[in-house]
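Architecture at a glance
Spelled out, the chains give:
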Amino acid sequence: MAIERTFSILKPDATERNLTGAINAVIEKAGLRIVAQKRIRMTQEQAETFYAVHKERPFFGELVSFMISAPVVVQVLEGDNAIAKYREVMGATDPAKAADGTIRKLYAKSVGENSVHGSDAAETAAQEIAQFFSGNEIVG
């Protein structure tokens with residue numbers, strides 16, 4: 001198996017409900033290591049840049065507004081096949097369709113307020129990590 005890194009965000013609906021520790025416990029129980037983590041207030045520019053891939057979609061404005069509405073926790077996770085593993089641990093975007101024991105099944109409020117984000121590919125993970133962390137902030 002390949003050790004890799006992925007990017008994670010604990011979204012405003014999770015931080016507002018004090019779920020950071022509970023979600024981190026699920027992440028760590030799955031065998032992923034949190035090698036960088038910080039609580040930030042995402043700016044409008046950061047959110048627009050992060051979600052630029054969705055700029056033409058009708059939900060873009062609502063998504064950006066949601067992401068800047070409260071603090072988020074940005075993270076770098078590391079482990080065997082971390083990208084696929086974290087996507088499995090997060091569960092389906094729609095919490096009603098997420099598997100039992102996944103973060104979204106346990107904690108998400110809705111499709112829009114689904115508690116977490118995770119990178120979908122190695123290239124995306126590298127870009128997302130670089131947007132929020134400098135190399136010396138990641139301690140494996």
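An unreviewed UniProt entry annotates the chain as Nucleoside diphosphate kinase of Pseudorhodoplanes sinuspersici. UniProt's Function (unreviewed entry) comment on the chain is quoted here verbatim: "Major role in the synthesis of nucleoside triphosphates other than ATP. The ATP gamma phosphate is transferred to the NDP beta phosphate via a ping-pong mechanism, using a phosphorylated active-site intermediate." UniProt's Subunit (unreviewed entry) comment on the chain is quoted here verbatim: "Homotetramer."

Mapped onto the present numbering, the UniProt feature "binding site: ATP" (unreviewed entry) falls on K11, F59, R87, T93, R104 and N114. Within this annotated set, the largest pocket is lined by K11, F59, R87, T93, R104 and N114. With a relative accessible area of 7%, K11 lands in the buried category. If near-sequence neighbours (up to four positions away) are discounted, K11 is found in contact with Y51, F66, M67, P71, V72, N114, S115, V116 and H117. Mapped onto the elements, T93 comes out in the loop between α5 (82-90) and α6 (103-107). Setting aside anything within four residues of it in sequence, one finds T93 in contact with R104, S110, V111 and N114.

Moving on to the layout of surface pockets. Counted as a void, the largest pocket has a volume near 770 Å³. Along the walls of the largest pocket sit 26 residues, with K11, Y51, H54, L63 and H117 positioned nearest its centre. For the lining of the largest pocket, the element with the most residues is helix α7 (residues 122-132), which contributes 4 residues. Looking at the lining of the largest pocket residue by residue, the classes come out as 9 nonpolar, 11 polar and 6 charged.

How each quantity is defined
- What you see as residue numbers is a count from 1 along each chain, following the sequence as written.
- Since the coordinates come from a predicted model, pLDDT governs what is reported: local features require at least 70, and pairs of side-chain atoms require 80 or more to be given and counted, while whole-chain, interface and lining totals use all residues.
- To obtain the side-chain values, all non-hydrogen atoms of the structure were used and water was disregarded.
- UniProt positions are given in the numbering used here, feature names are shortened, and annotations may be inferred rather than shown by experiment.
- Think of a 1 Å grid over the protein atoms and nothing else: a 1.4 Å probe that fits but is trapped marks a cavity, an open set flanked by protein within 12 Å on at least five of seven lines marks a pocket, and residues with an atom within 4 Å of a point count as lining.
- Note on classification: 1.4 Å probe, protein chains only; a residue is buried when its accessible area is under 20% of the maximum for its type, exposed when over 50%, partly exposed between these limits.
- Any two residues whose heavy atoms approach within 4.5 Å at even a single point are treated as in contact.
- Secondary structure elements are defined from DSSP: runs of H or I of at least 4 residues count as helices, runs of E of at least 2 residues count as strands, and each element is numbered from the N terminus.
- Grid points are joined across faces, edges and corners, and a volume is the space filled by probe spheres set on the points.
- Under the convention adopted here, Pro, Cys and the residues Ala, Val, Leu, Ile, Met, Phe, Trp and Tyr are nonpolar, Asp, Glu, Lys and Arg are charged, and Gly plus all remaining residues are polar.

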